[in-house]
Each structure stands twice: as structure tokens, then as C-alpha cells.
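Structure assessment
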Protein chains: 2
Amino acid sequence: MDVALRRSWSLKTAFPFMIFRRTLSLSSSWGVHTIRPPAPSGQRWAAARRRHIHSGAGEGTERCPSAAPERRPFCRLSREDLAFFRETLPGGTITDPDLLEAHNVDWLKSVRGHSELLLRPQTTAQVSAILRYCNGRNLAVTPQGGNTGLVGGSVPVYDEIILSTALLNNILTFDHVSGILTCQAGCVLESLSQYLEEKDFIMPLDLGAKGSCHIGGNVATNAGGLRLLRYGSLRGTVLGLEVVLADGLVLDCLSTLRKDNTGYDLKQLFIGSEGTLGVITAVSVLCPRKPSAVSVAFLGCQTFDQLLGTFKLCKGMLGEILSAFEFLDAACMGLLNTHLKLPNPITDCPFYIVIETSGSNSAHDEEKLHSFLEEAMTSSLVTDGTVATEDAKVKALWSMRERVTEALTHEGFTYKYDVSLPVERIYQLVTATRDHLRGRAKNVVGYGHVGDGNLHLNVTSSARDPALQAAIEPFVYEWTSGYQGSVSAEHGLGLKKRNYIYYSKPRPAVALMGSIKTLLDPKGILNPYKTLPDDLE
Amino acid sequence: MDVALRRSWSLKTAFPFMIFRRTLSLSSSWGVHTIRPPAPSGQRWAAARRRHIHSGAGEGTERCPSAAPERRPFCRLSREDLAFFRETLPGGTITDPDLLEAHNVDWLKSVRGHSELLLRPQTTAQVSAILRYCNGRNLAVTPQGGNTGLVGGSVPVYDEIILSTALLNNILTFDHVSGILTCQAGCVLESLSQYLEEKDFIMPLDLGAKGSCHIGGNVATNAGGLRLLRYGSLRGTVLGLEVVLADGLVLDCLSTLRKDNTGYDLKQLFIGSEGTLGVITAVSVLCPRKPSAVSVAFLGCQTFDQLLGTFKLCKGMLGEILSAFEFLDAACMGLLNTHLKLPNPITDCPFYIVIETSGSNSAHDEEKLHSFLEEAMTSSLVTDGTVATEDAKVKALWSMRERVTEALTHEGFTYKYDVSLPVERIYQLVTATRDHLRGRAKNVVGYGHVGDGNLHLNVTSSARDPALQAAIEPFVYEWTSGYQGSVSAEHGLGLKKRNYIYYSKPRPAVALMGSIKTLLDPKGILNPYKTLPDDLE
């Protein structure tokens, strides 16, 4: 602990601000998984052990729980349907296979659908007309925002019509006193952030995918991201939604009020339901003032216990200015070095922390941060560290955490897990997975949002490897469930994780979810095969 | 503006810390309103004009929308029923009319039911057994917490069985690292606060009724209160709920995770649904660290525009340490002086502000607060003010805001309105109501949570006065609706406001609420006649 804080550390390498979807070059070894017809799995799904899991679920079947289910008996697109859509959406009815390609495949290139029709409405009335028609004709629809999800929730599974929010991209109102923004669902998160920053406000959420993701998709998936620790979840900051239901009915809950206790809060049904209950067409959201001072510290720890000690100290000493507490392990740092040529800004350590503070008075904030860092270093919680306050350096330090996802894509194939656990458990799962796999994986890495108890566990191999997957699953889910964790903290369930829901939710709760789905979408046309498990439907 | 800030101002009067339910002496002129049989109203309900209001709603009827509806055909309590309850809840089955009295009447003594049975379960299993039985027998049930609500939501209307959470009062777990508390629904808010403060944490909500209200009731009514500006609503801070459904099924959503995106967030259905969808038996809630420094400023302004200017300045200069921005008008100050003998701590002004800061560093916080106050006074936004940092003085200044409700009870009869509006509109409603009533009321006063756009408008008269009520309603609701406000910001709808829901929610949304009620409680036994309008059922 004789390494002083290098506050004057200067970046030798360019750290471009990254919009990962745009800059990513995909390795050919990713092996896009065509899921029609359903991929037969050589692995028998190990029967789930948790008390909530019905003893019969998944047993006696050769089907992998993440495989696609059989196509449901929706109608197929006819010439008359196409004629209707062309009349309703002149210029917004796309059938060109080349243009459809990017909408049929997810960002990870891990699932592929076979839709032959992409619709790009510009108004809520058009969305309503589309859904009313589809519901009448029993045509299935997949709502799609920026298509940056990680669980296959935003692409069709078979021939569902893709309903893109891309042209629903107008900002409707912004109130400078209250900070309440109202916009259409297809506004890109980064565009909203830029719009607000000029007005001295910020969005209450920030994600690595901000350059592509849509606010409607963020809300539909209850996106978490990097600011949740400070500004809370979208369940608190989203004040209103406009939603089109499966039968075309427009539900106007687009309130711009901080408080409204008149009846049930229906908008909550649509937050996090992944487009299975309605299509979000507009959002109102409470935006915080832009902090006038932002600092980032990048620190190294020798053990995860020291990292947790640093977290506890930090919560006490930084209090109201703490806006993020993120971590990555040495394996992540290795991937950043190898694949992205990002050098480690401090000495090598088993664990790295990114701490962000944001506040209204830079002198006060820096004083708090420096007192904390001094205490963290003199008490040997932290081995080395560097601090940035300039915008470019702040972004550079942040990229050490934000670009881990990108670095992982260069590994070949990645099995991704997004769990939440009591915070003291999160790294135990990484260690347990490494021990369990005994070298079968190329890399087992852990990073994530310590402040939210949210771990991103990633297991890589040079190519898709069903035997490796069978070794990981259900091991990871059982371990998580054993500590009352969530098997999807922020990514949602989508197509890939729908059948794992019972690891985190009791059967009566899942049955009630099914009843709500039936109530709102009786024919099941909205984003079929997603979120809810196969055994419900 | 030549009056300096009197920072050394000392309180001459004792301001006892108030638990208003316990200390309140009720004027006999309050006139408890017995609502069986339904009170015939001499006033025809003026047909609502708003677009969302169905043209037929309320027209052609002589019934006042706040009057009780006809008793629904629930079964009446039999000897066999009583025998069942006595066996299920030995010692917790109360039929003594004297003991029932306080549970049949609301805190305001404005509505009265005629229940002959109070049940006090101690376990979730007992709640489940009670509801399973009642559902089978078609017996109606009113869940009751601390019975401090203001809209008649927590007392029976006819002979519904009262299901009290009072003995479900155990703290289950508390995690010192994450600040997550899990407790039974009947824990009193102030007891939880005291428990947490010893551990250096606080509850994320605070209310005047804290000495009596139960956390389960807070959640069931989505209580707002004094800390919402800083810590957000219960929709973000409540992490998990255990709920017993109408048929006795126990829904275990008692998660203690900050993030969990596995399926629909069912707990949101029960937050703010006033016990009409299920009975909350346990709660887990994310608690903030106790701030080490708290200051309160009590300021005077000459106009409401200056008050709004002060709010805007304050948000910028106090930023992350601002924890409350409340106001009261000169009429409220008059009531505090007259009825409670509380002297005005500053010179007389038309408007008063209570600003609270809370943070982790008292020197930093005081510096921020003093810079803000200097700016507010030199720019003539504020005319006079006083600041307190000592605990007793902080409480004394707070009581000028918190005890307005109590002062109003000495006026005779009070018509209470709790609306949210765009913040620049909130006082316009007070002025418009005064103009509209042209001296017919004893007092028209306004106070509330500026930071949340939440106005408490109260109109007093020496006794119940249907002609006055008819002059206020629907005027206040129409005015509020005209600016897209909410006719119940935080109090809920309960019995009294259920038929006004269409002023703030469109008809399709209310219809969907009705469908959800039917899905979860097909026989309608849970808290009948509350929250949803009569025309739905």
C-alpha cells in the first residue's frame, strides 16, 4: 500500500466515446443460431430443484428450456394484409429482405427470426390501426426498439410482423421547472441525453447501448444501467406512458405528475413486460438536474471483501454524491487489454472499482472524494487508484467498465448471465462457476453494478459449445436461486430466459402473470414466445 | 427586505413532537356522518364536462357521487362464522361494540361503518385462512392498518369484517450493508423509524400520521409524505411484498433485491390499490442512510411567483442535499396561531416555505444553504427567514407545516382536497376557489408539497354544509382536470373520492382497472365500495 494516488495520471491511449452497436465488428465464429425449426438439444434439461419449481416442469423432455417453442397457430401474412399495411403506412411498409435482415437478428447475433414484414409507424394512431388489424386477423407482432437487448426479446422467433418504433421519434414537451420530459417511444436514449444536457438536465438512466436503444424499449424492459444507484429505477422515474393494447385500444396514462393516486397505476404493468402486454408509444419521465461536478475514481483491490469494505466506506463518506459503484475483475481487464488494447490505468489487481460522484459543488465533492480515498488507502482497502474530473478522462475511465461487453464479443462465443444477489454473494458465484467448470471454459469473468447487487457473469468459449452450456445451466440458476437471487436482474427474460422464471418467481405468481397476459392480449399476438414460460401457454 | 436572517432565533413556545392521532381533541361540531342508509343528497351532481367522462355518468341521478352505494349482496355474519373465527384466531376475534367503535370510524370522523367483527391475525397463515373462509362464504372484508387515511378507505361502509394488521407487527430482517428492511405489514411507521435510526438508517417516507399509520397501509395507499422529493415514491423503494389474495392464496413477492426483471412486477398492483386487490402482510423496503446533517429553513415570500422562484433557485444551489420544499399560506399560519397557539417564527408574509436539507457533511451543507439563502434574500425572492440545525428546533419548524392538518380540525368541518398540478398552477387553484366561493366558506387555505406539485386545498365551515360542498364540487375537480392534474395526489380515492376518478383517468383505463379487480377478486369481497367508481360494478 505504498502506491500513492496518481491524480495527475494522463491517458496515453485514445479512449473514443463508444456507441458499441455501431463500432462492433463481429467475429465470424459467433455462429448465428437459426431457431426455426427448434434446435434439438442433445442435453436433457436437468430437473430444477427449487421448491417453487413444479416437479414435472421440464422433466421427461429432450427440449432445452432456451430453445424456441413450436410455432403457434397465428395466421400467415397474405397479399390482402400487405395491401392493408401499404395503405395504412405508405412508405413505412418494408418487405425487402436486405432491409429486414438487421431487424430479424438480435444484437448479439444469437437468435434469428424470419419475419417478412417490417412496419415503421410514425403516429400512435397508426400503431393502433396496425394492432387492431393484426388482432382481428390473428397475426403475431414483435415490437422492436433499438434491438439492443441481450435475451432475444426484440426479434421475431418465426414470421411475426416487426413493429419498429424507430420513426416515433419526436420529443413532445419538456418542462424546465419540473424537469419532466415527454417524448415518443422511439427516441434514442443518447439523443434525449444530448437534448437535455443543453438544458442543464440529464436522463435518469444511462446504458452502454445508449447510442442505439430507444426510450420505449428501455421502459418496456425496465432497463437498469449505470445511474440506478443514484436515481432509482424506471418504476419511480417514469411518470406516464401511452400504450396501445393488443386490440388497438390506446391507453392514455401519459401523466406528467409526480404524484397521482387515482386508482391502480396501470403504467406499471407495461414497465418491464417486454412488449407482451402492449406497445409503448410515448413516455414521460422525470429528469434530474445535470450535476455541475462529476468525478470518477478507478481503484484496485486485492480481495472482493476489501471491495465490499470500500463500498461500505464509500456509502458513508460520499453519501448523497455517490452516483455509481461498479466493478470488474482481473479477467475482464485481461480482455480489455487483449482485444481492445486498452491499458490498465493502475497497477494490476484482482479487482477494479469505478466510483462516480456527481454533485452541485465541485469543491465540496472533491473534498469528500479525497477524504474517502485517503481513508480507503490508509485502511488498506484499496491498493492503487486514479481520479479524473475532466470530461475526456472521466469517459476514458468509464470505458474500462462500459467496454467489457464489447471486449467479450471478441472471445468467440459468450454465455451471458445477469443475476442479482445479496451484495456479499455476487463474486462468490463467479468463483463457484470457475470451480464448477474446472477449466472447460476459455474465460469466466465477472463485472457489474455492486451498488445494486447486480453481477454480470460471462463464460466464454471459442465457439458455441452445448456441452459447456449444459455444465453452466442450470448450475448458475440453482446457485442464484439458493440465495434468493434473481436470474435476470436487468436484462429481462425475452426468448432465451423465459423458462427459467421459476428460479426467481413462485408458481402462483407466474400463473397470475399468465392471467394478466390473457386479460390484456387474449389471442397472444403481442411478442409471442417471450417473457412467460412455455408451460403456461 | 432589510430583515436579516435570524439564525439565532430561539423558540419561545414549546413545540411538542406530535403524533396527531393521539393528541387530537375532536370538536363535537364535526358531525360524524353515518352513511347507512345512504344519505340522500339535495344536490344534483353536476355532470362532468371533461372529455373522458362518459356523457351519461352521474346524470339523471339525485345521488351525490361521494355518498355510499347500496349494500351489495354479501352474506351476513352467522354464529357458525363466528365460531370458525374464534377457533382460527383465539383471542383475536373481537365483537365487543366498544372495542369496535374506533375501528368503525375514520380518523376524520367523517365516515362510519357498522362492522360487528374485528379480526386481529398474527400470521400470514391466519390472514390466508380468514380470506379463504370469507371468499367461500361471500363475506366482505375491510383491511385496516392504522386507520389514518383521509378518504374513508380503511373503515367498513356496512357490516364488512374488519381485518386489522395491528398484530402483524414484527420486524423480520434488516441488512446493514444494503439497508434493506423486511417487516410485517402492521409495524407502525414511527417504530420502524426509531429502529432504523439506531442503526444509522431512516425510512424512505415520513408522514404526519407516523405515530399511528402502519407500513402496510402506507404501501396499500402509496403514501407520499415529506421525503418523496428526495427518496422518490414507494413504487421505487418498496422491493418486495407478501400479499394474501381474496381466495386466501399467499403471493410471495417478498424480494429483497434492488433489481429483478423476471416477469411482470406483480407487487406494483398492490401498491396504491387500497386493499381492494389483496391484503399486504409483509413488506421489504430499501432504506437510505441516516443523514449526518439536517437543517431546516423557514422562509417568507410576498408572492407565490417569488416562492416558485425560490424553489427553482433552491433546486440549483442545494441540488443533492435538498430533501423537502413545503409551503403554507398566511391563512394556515392564522389557524396555527389561533387554534394551536403556535407563534409565527418570522414576520408575517403571504407565503411561508419550509426547506429541509440533509447530507453527509454538515460544513458543506451549511455552506450551500447559506449561499442559497443569501442569494434568495439579495435577489428579493425571500423577505424573512430563520434556520435551525438543532434537533428540537428542526422539529419545531417542521411542526409549522405538519400541524396544519391538526389546526384545521378545530375549524368545525373541513372539505379536504389533495390535488397535483403543474407546480406553477398549484396556488392558482386556491385563489380560484376563493373567488368562486365568494366568502361562503369560513376559510380557504392552501399548503403542501411544492417539490411534488402537490397542493392540499382545504375549505372550512363551522359545520357540515351541503350547499358549500356543492359549490366546491365539481368546481375543484373540473379546474384540476382542466390542467391535467390529479384529483388525488397522495390520499387515494377510498370511499369518498371513488366516483371522481374520471376527472383524472380516461374511461378505458378505469375499465381495465375493473377487469383487474375482477381477475384478482371475482366476488369483490375485498374492501368493497372503495377506489373504483360505482358505475363499474
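Residues numbered from 1 in each chain as written. Chains lettered and ligands numbered in written order. Predicted model: local features only at pLDDT ≥ 70, side-chain atom pairs only at ≥ 80, totals over all residues. Heavy atoms only, no water.

1. Focus on the pairing of strand β7 (residues 238-244) of chain B
Residues and elements named next belong to chain B. The condition is simple: Remark: exposure states derive from per-residue accessible area (1.4 Å probe, protein chains only) relative to the maximum for the residue type, with buried under 20%, exposed over 50%, and partly exposed in between. Think of it this way: any DSSP run of H or I at least four residues long counts as a helix, any run of E at least two long counts as a strand, and we number them from the N terminus. In short, DSSP must find at least two bridges between two strands for them to pair.
With respect to burial, β7 is a largely interior element, seven of its seven residues being buried. As paired elements, β7 and strand β9 (residues 279-286) share six bridges and run antiparallel to each other. The residue bridging Val238 from the neighbouring strand is Val285, located in β9. Pairing of β7 with strand β8 (residues 250-253) involves four bridges; the strand directions are antiparallel. Paired with Val244 across the bridge in β8 is Val250.

2. Description of the domain arrangement of chain A
For interface size, the figure often reported is the accessible area lost on association. Residue and element names in this part refer to chain A. Just so we agree on the cut-off: Domain start and stop points were drawn from an automatic or database domain assignment. Only heavy atoms enter the contact rule, under which two residues are in contact if any of them lie within 4.5 Å. Once two parts are brought into contact, the accessible area they lose, counted with a 1.4 Å probe and summed over both, makes up the buried area. One speaks of a salt bridge when a side-chain nitrogen belonging to Lys or Arg is within 4 Å of a carboxyl oxygen belonging to Asp or Glu. Distance and chemistry together define a polar contact, namely a pair of N or O atoms within 3.5 Å, with one atom able to donate a hydrogen and the other to accept it when in protein, and with adjacent residues in sequence counting only for side-chain atoms on both sides. Basically, the charged four are Asp, Glu, Lys and Arg, the nonpolar ten are Ala, Val, Leu, Ile, Met, Phe, Trp, Tyr, Cys and Pro, and anything else, Gly included, counts as polar.
The assigned domain composition of chain A is domain 1 (171-286) and domain 2 (291-405). Each partner contributes to the interface: domain 1 provides ten residues, whereas domain 2 provides twelve residues. Across the domain 1/domain 2 interface, buried area totals approximately 730 Å², and carbon plus sulfur atoms make up 54% of it. It is Leu226, Leu229 and Arg230 in domain 1 that bury the most area against domain 2; as a group they hold 77% of the surface buried on that side. Along the contact surface separating domain 1 from domain 2 lie one salt bridge. At the junction of domain 1 and domain 2, the tally comes to four residue pairs in polar contact (both at pLDDT 80 or more). Class assignment of the residues belonging to the side of domain 1 that touches domain 2 gives a composition of five nonpolar, one polar and four charged.

3. Focus: the side chain of Glu473 of chain B
Residue and element names in this part refer to chain B. Condition: The positive count covers Lys and Arg only, the negative count covers Asp and Glu only, and His and the chain ends enter neither.
Structurally, Glu473 is set in the loop between α16 (466-472) and α17 (475-482). Within the buried core, Glu473 has no salt-bridge partner, and the shortest N-O distance to an opposite charge, that of Lys497, equals 5.7 Å. At a separation of 2.5 Å, a polar atom in the side chain of Glu473 contacts the side chain of Tyr417. If we skip the residues at most four places from it in the chain, Glu473 touches Tyr417 and Tyr500.

4. Points about the packing of helix α10 (residues 304-318) of chain B against helix α12 (residues 362-378) of chain B
All names here are of chain B. The criterion, for reference: Only the stretch in contact is used when fitting a helix axis, every axis being a line fitted to C-alpha atoms; angles between N-to-C directions are given from 0 to 180 degrees. Roughly parallel means an angle under 35 degrees; roughly antiparallel, over 145; roughly perpendicular, 65 to 115; everything else is oblique. A clockwise turn of the near helix away from the far one marks a right-handed crossing, whereas an anticlockwise turn of less than a right angle marks a left-handed crossing.
Contact geometry of α10 with α12 gives a least axis separation of 10 Å together with a crossing angle of 150°. Classed by the angle they form, the pair α10 and α12 counts as roughly antiparallel. In the packing of α10 onto α12, the handedness of the crossing is right-handed. Contacts from Thr310, Leu313, Cys314, Met317 and Leu318 of α10 reach α12 at Lys368, Leu369, Ser371, Phe372, Glu375 and Ala376. Classifying every residue of the contact of α10 with α12 gives seven nonpolar, two polar and two charged.

5. Things to note about the relation of the copies chain A and chain B
Note the threshold: Here the copies are matched by least squares. The fit uses the C-alpha atoms of residues with pLDDT of at least 70 in both.
With an axial shift of 0.0 Å and an RMSD of 0.0 Å, the rotation relating chain A to chain B amounts to 180°. Such a combination of turn and shift is consistent with a two-fold rotation axis. Within chain A, the C-alpha atom positioned nearest to the axis of rotation is that of Gly236 of chain A, 2.4 Å from it. Most of the interface of chain A is mirrored in chain B, where 100% of its interface residues are also at the interface.

6. A closer look at the sheet that holds strand β16 (residues 454-461) of chain A
Residue and element names in this part refer to chain A. Ordered by their spatial adjacency, seven strands build an open sheet running β13-β10-β12-β11-β15-β16-β14, and the pairing between neighbours is antiparallel. Of all strands in the sheet, those bounded by a partner on one side alone are β13 (384-388) and β14 (413-420). Ignoring strand direction, the axes of neighbouring strands in this sheet form an average angle of 15°. As paired strands, strand β10 (residues 293-301) and β13 are joined by five bridges and run antiparallel to one another. Its bridge partner being in β13, Leu299 is matched across the sheet by Gly385. Against the sheet, helix α10 (residues 304-318) makes contact with β10, β11 (322-329) and β12 (351-359), and its axis sits at roughly 170° relative to β11, the strand it touches most.

7. Regarding the confidence of the model for chain A
We count it as follows: The pLDDT value expresses, per residue, how confident the predictor is, ranging between 0 and 100.
Looking at chain A, the pLDDT average stands at 88 and 88% of residues meet or exceed 70. Of the regions scoring below 50 in pLDDT, residues 1-62 of chain A engages in 139 contacts with residues more than four places distant in sequence or in other chains.

8. Observations regarding the sheet that holds strand β3 (residues 141-144) of chain A
All names here are of chain A. Ordered by their spatial adjacency, four strands build an open sheet running β1-β2-β4-β3, and the pairing between neighbours is mixed. This sheet does not close on itself; its edge strands, each paired only once, are β1 (93-94) and β3. Sheet topology places β1 next to strand β2 (residues 118-119); two bridges connect them, and they run antiparallel. Across the sheet, Ile94 pairs through a bridge with Leu118, a residue of β2. Along the sheet, helix α4 (residues 124-137) makes contact with β2, β3 and β4 (161-164), crossing β4 at roughly 160°.

9. Section: the interface of chain A and chain B
Each partner contributes residues to the interface: chain A has 82 residues there, and chain B has 82 residues. Among the residues of chain A in contact with chain B, Lys259, Asn261 and Tyr264 of chain A are the three that bury the most area, contributing 16% of the side total. Our count for the contact surface shared by chain A and chain B stands at eight salt bridges. One salt bridge connects Lys505 of chain A with Asp260 of chain B, and the closest N-O pair in it is separated by 3.3 Å. At the surface where chain A touches chain B, the tally comes to 40 residue pairs in polar contact (both at pLDDT 80 or more). Put simply, the parts of the chain that give the side of chain A that touches chain B at least two residues each are α7 (228-231), β8 (250-253), α9 (267-270), α10, α12 (362-378) and α18 (507-520) of chain A. Broken down by element, the side of chain A that touches chain B gets its largest block of residues, nine residues, from α18 of chain A. By residue class, the composition of the side of chain A that touches chain B is 29 nonpolar, 32 polar and 21 charged.

10. A few points about the state of the cysteines
Residues and elements named next belong to chain A. Applicable threshold: Defined by distance alone, a disulfide is two cysteine sulfur atoms within 2.5 Å.
Going through the model one piece at a time under the given rule, you end up with zero disulfides over all chains. For Cys187, which is in no disulfide, the shortest distance to another cysteine sulfur is to Cys183 and amounts to 4.2 Å. By relative accessible area, Cys187 is classed as buried at 5%.

11. Topic: the packing of aromatic side chains
Where we set the bar: Aromatic rings from Phe, Tyr and Trp, taking only the six-membered ring of Trp, are treated as a pair when their centres fall within 6.5 Å; an angle between ring planes under 30 degrees marks them as stacked, one over 60 as edge-to-face, and anything in between as tilted.
Taken as a whole, this structure holds 38 aromatic pairs over all chains when the rule is applied. Considering the side-chain rings of Phe351 of chain A and Tyr427 of chain A, the 4.7 Å spacing of their centres and the 90° angle between planes classify their relative orientation as edge-to-face. Taken together, the residues span a long stretch of sequence, with Phe351 of chain A in strand β12 and Tyr427 of chain A in helix α15 (residues 426-437) at a distance of 76 residues. For Phe351 of chain A, a relative accessible area of 8% translates into the label buried. Centroid distance Tyr477 of chain B to Tyr500 of chain B: 4.1 Å. Interplanar angle 25°. Geometry classified as stacked. Taken as a pair, Tyr477 of chain B in helix α17 and Tyr500 of chain B in the loop between α17 and α18 (507-520) lie far apart in primary sequence, 23 residues in all. Tyr500 of chain B sits in the buried class, given a relative accessible area of 1%. A connected cluster of aromatic rings, assembled from ring pairs, spans Phe304, Phe327, Phe351 and Tyr427 of chain A.

12. Observations regarding the nonpolar core
Our working rule: Among buried residues, the Ala, Val, Leu, Ile, Met, Phe, Trp, Tyr and Cys ones that are joined through side-chain atoms within 4.5 Å form a nonpolar core.
Residues Met203, Leu266 and Phe270 of chain A together with Met203 and Leu266 of chain B are the most contacted members of the largest nonpolar core, which totals 90 residues. For Phe270 of chain A, the residues in contact, after removing those within four places along its chain, are Val219, Ala220, Leu241, Val243, Leu245, Leu251, Leu277, Gly278, Ile280 and Leu520 of chain A.

13. Things to note about the pattern of salt bridges
All names here are of chain A. Enumeration according to the criterion identifies 42 salt bridges over all chains in this entry. A salt bridge links Lys210 to Glu402, with the nearest nitrogen and oxygen atoms 3.4 Å apart. Here the residue Lys210 occupies a position in the loop between α5 (189-198) and α6 (215-220), and Glu402 occupies one in helix α13 (residues 391-402), the gap between them amounting to 192 residues. With a relative accessible area of 8%, Lys210 lands in the buried category.

14. Describing α10 of chain A
All names here are of chain A. Note the cut-off: Multiplying one less than the number of residues by 1.5 Å gives the expected span of a helix.
With 15 residues, α10 extends 20 Å between its outermost C-alpha atoms, agreeing within 8% with the 21 Å of an ideal straight helix rising 1.5 Å per residue. Every buried residue of α10 is accounted for by Phe304, Leu307, Leu308, Thr310, Phe311, Leu313, Cys314, Lys315 and Leu318. Contact partners of the buried residues in α10: β10, β11, β12, α12 and α15. Phi for Gly319, located one or two positions after α10, is positive at around 45°.

15. A few points about unusual backbone geometry
Residue and element names in this part refer to chain A. Of note, the amide linkage connecting Glu473 to Pro474 takes the cis form, showing an omega dihedral of 5°. Along the chain, Pro474 falls in the loop between α16 (466-472) and α17 (475-482). Even without being a glycine, Lys109 presents a positive backbone phi close to 55°. For Lys109, the position within the fold is in the loop between α3 (97-104) and β2.

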